[in-house]
Amino acid sequence: EADIYQTPRYLVIGTGKKITLECSQTMGHDKMYWYQQDPGMELHLIHYSYGVNSTEKGDLSSESTVSRIRTEHFPLTLESARPSHTSQYLCASSAWGGTEAFFGQGTRLTVV
Amino acid sequence: ILNVEQSPQSLHVQEGDSTNFTCSFPSSNFYALHWYRWETAKSPEALFVMTLNGDEKKKGRISATLNTKEGYSYLYIKGSQPEDSATYLCAPVRDSNYQLIWGAGTKLIIKP
């Protein structure tokens with residue numbers, strides 16, 4: 001079983017609020033990712049990290065930011081949530097090379 | 001950006017029947033291809049990571065083949081069972097930075 005955890009699982013929040021989605025893994029993986037997925041659509045990479053103090057934006061433009069201060073922790077922050085941010089957010093990690101990715105259970109975010 | 005196409009988008013199969021679906025991707029700069037199974041309310045889980053042209057992998061009743069020259073992979077399920085109901089995602093890997101590029105998936109529903 002994969003050791004990667006996301007909290008919260010579900011979040012309903014008002015417009016303008018600041019939110020942080022948590023992601024932690026205990027596998028010692030250097031590579032971590034955040035994906036955004038809308039129903040029936042592809043997973044879109046919004047942020048990734050190759051190690052501590054390394055963060056990059058993915059293919060899909062996002063107003064969120066990430067940090068990687070510790071290997072095991074890769075939180076995603078939205079400074080001011082908007083209804084357009086309503087989506088599912090998935091965190092994943094992997095070892096180096098083209099090895100398999102391990103996913104958290106996702107956070108389903110609804111901004112009202 | 002790689003274009004990944006999975007077909008069909010959804011599939012209803014009678015329990016006990018065998019089925020297969022396709023992942024198509026540009027053949028240039030190929031590094032690896034991943035297949036994942038994503039059951040409702042769970043995390044995506046890796047089925048196979050394939051790298052060599054002509055590769056064939058098997059896990060129980062599920063198998064996959066890879067053609068890197070023409071840019072496609074097939075996933076086969078023999079004797080479908082209700083627990084096979086899930087969305088099956090494929091993701092080729094870019095060779096430049098090992099990023100996964102996701103298809104939209106094939107949603108498989110097994111009818112009892």
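Residues numbered from 1 in each chain as written. Chains lettered and ligands numbered in written order. Predicted model: local features only at pLDDT ≥ 70, side-chain atom pairs only at ≥ 80, totals over all residues. Heavy atoms only, no water.

1. Digging into the overall build of chain A
Heads up, the rule is: For the purposes of this entry, the term helix denotes a DSSP run of H or I that reaches at least four residues, the term strand denotes a run of E that reaches at least two, and both are numbered from the N terminus. Each radius of gyration is computed over the set of C-alpha atoms, and the globule rule expresses the reference value as 2.2 Å times the number of residues to the power 0.38. Partly exposed describes any residue whose relative accessible area lies between the buried limit of under 20% and the exposed limit of over 50%, with all areas from a 1.4 Å probe on protein chains only and scaled to the type maximum. What makes two residues a contact is simply this: any of their non-hydrogen atoms within 4.5 Å. In short, Shrake-Rupley with a 1.4 Å probe defines the accessible areas, and a residue's cover is counted only from the protein chains shown. We count Lys and Arg on the positive side and Asp and Glu on the negative side, and we leave His and both chain ends out. Taken as the charge centre is NZ of Lys, CZ of Arg, CG of Asp or CD of Glu, depending on the residue.
On a plain count of helices and strands, chain A comes out with 0 helices and 11 strands. Along the chain direction, N to C, the helices and strands of chain A fall in the order β-β-β-β-β-β-β-β-β-β-β. For chain A, the C-alpha radius of gyration of 13 Å lies close to 13 Å, the compact-globule estimate for 112 residues. Viewed in the frame of its principal axes, chain A has a C-alpha envelope of about 40 × 30 × 25 Å. Each of the 112 residues in chain A was classed as buried or not, and the buried ones make up 46%. Of all intrachain contacts in chain A linking residues separated by at least 6 positions in sequence, the fraction that spans at least 24 positions is 53%. By element, 52% of the accessible surface of chain A is carried by carbon and sulfur atoms, the whole surface being about 5300 Å². Counting 9 positive and 12 negative side-chain charges, chain A places the centres of these two groups 7 Å from one another.

2. Section: the overall build of chain B
Each helix and strand counted, chain B has 0 helices and 10 strands in total. Counting from the amino terminus, helix and strand elements in chain B follow one another as β-β-β-β-β-β-β-β-β-β. With respect to the principal axes defined by its C-alpha atoms, chain B has extents near 45 × 30 × 20 Å. Taking all contacts inside chain B whose residues are at least 6 apart in sequence as the whole, residues at least 24 apart take part in 52%. For chain B, the accessible surface area stands at approximately 5500 Å², while carbon and sulfur atoms represent 45% of it. Each charge sign in chain B was given a centre, from 11 positive and 11 negative side chains, and these centres are 2 Å apart.

3. Overview of the interface of chain A and chain B
The condition is simple: Once two parts are joined, some of their accessible surface, as seen by a 1.4 Å probe, is lost; buried area is that loss totalled over both. For this document, the term salt bridge refers to a Lys or Arg side-chain nitrogen within 4 Å of an Asp or Glu carboxyl oxygen. Polar contact is the term for a pair of N or O atoms within 3.5 Å; when the atoms are in protein, one must be able to donate a hydrogen and the other to accept it, and sequence-neighboring residues count only if both atoms are side-chain atoms.
Listed per partner, the contact involves 23 residues of chain A and 20 residues of chain B. Both sides together, the interface formed by chain A and chain B hides about 1700 Å², and carbon and sulfur atoms give 54% of it. Remark: the boundary between chain A and chain B carries 0 salt bridges. Our enumeration of links across chain A and chain B arrives at 6 residue pairs in polar contact (both at pLDDT 80 or more). Mapped onto the side of chain A that touches chain B, the elements with two or more residues apiece are strand 4 (31-37), strand 5 (44-51) and strand 9 (87-94) of chain A. It is strand 4 of chain A that contributes the most residues to the side of chain A that touches chain B, 4 residues altogether.

4. Some words on the side chain of Ser73(B)
Residues and elements named next belong to chain B. Mapped onto the elements, Ser73 comes out in strand 8 (residues 72-77). Within the structure, Ser73 has its side chain in polar contact with the side chain of Trp35 (distance 2.9 Å). Apart from residues no more than four positions distant in its own chain, Ser73 is found in contact with Phe21, Thr22, Cys23, Phe25, Leu33, Trp35, Met50, Thr65 and Leu66.

5. Here's the deal with the sheet that holds strand 4 (residues 30-38) of chain B
Each strand in a sheet pairs with its neighbour through backbone hydrogen bonds, running either in the same direction (parallel) or in the opposite one (antiparallel). Residue and element names in this part refer to chain B. Selection rule: When DSSP locates at least two bridges between a pair of strands, those strands are taken to pair. With axes taken as lines fitted to C-alpha atoms, and helix axes fitted only over the stretch in contact, angles between N-to-C directions fall between 0 and 180 degrees.
The mixed open sheet is built from 5 strands, whose spatial order is 2-10-9-4-5. Of all strands in the sheet, those with a lone pairing partner are strand 2 (10-14) and strand 5 (45-50), marking the two edges. Averaged over all pairs of adjacent strands, the angle between their axes in this sheet comes to 20 degrees, without regard to strand direction. Sheet analysis places strand 4 next to strand 9 (residues 86-94), joined by 8 bridges and oriented antiparallel. Paired with Trp35 across the bridge in strand 9 is Cys90.

6. Notes on the nonpolar core
Note the threshold: Buried Ala, Val, Leu, Ile, Met, Phe, Trp, Tyr and Cys residues form a nonpolar core when they are joined through side-chain atoms within 4.5 Å.
Formed by 23 residues in total, the largest nonpolar core has its most connected members in Phe21(B), Trp35(B), Phe48(B), Leu75(B), Tyr88(B) and Leu108(B). Elements represented by at least two residues in this core include exactly strand 2, strand 3 (19-24), strand 4, strand 5, strand 7 (62-67), strand 8, strand 9 and strand 10 (106-111) of chain B. Setting aside chain neighbours within four positions, we find Phe48(B) in contact with Leu33(B), His34(B), Trp35(B), Lys57(B), Lys58(B), Lys59(B), Ile62(B), Ser63(B), Ala64(B) and Leu75(B). Listed in part, the 18 residues of the second largest apolar core include Leu90(A), Phe103(A), Ala46(B) and Ala91(B).

7. A word on the sheet that holds strand 3 (residues 19-25) of chain A
Residues and elements named next belong to chain A. Taken together, the 4 strands give an open sheet; going across it, the order is 1-3-8-7, and neighbouring strands pair in antiparallel fashion. One side of each edge strand has no neighbouring strand; the edge strands of this open sheet are strand 1 (4-7) and strand 7 (65-66). As paired elements, strand 1 and strand 3 share 4 bridges and run antiparallel to each other. Residue pairing for strand 3: Ile4 is matched across the bridge by Gln25.

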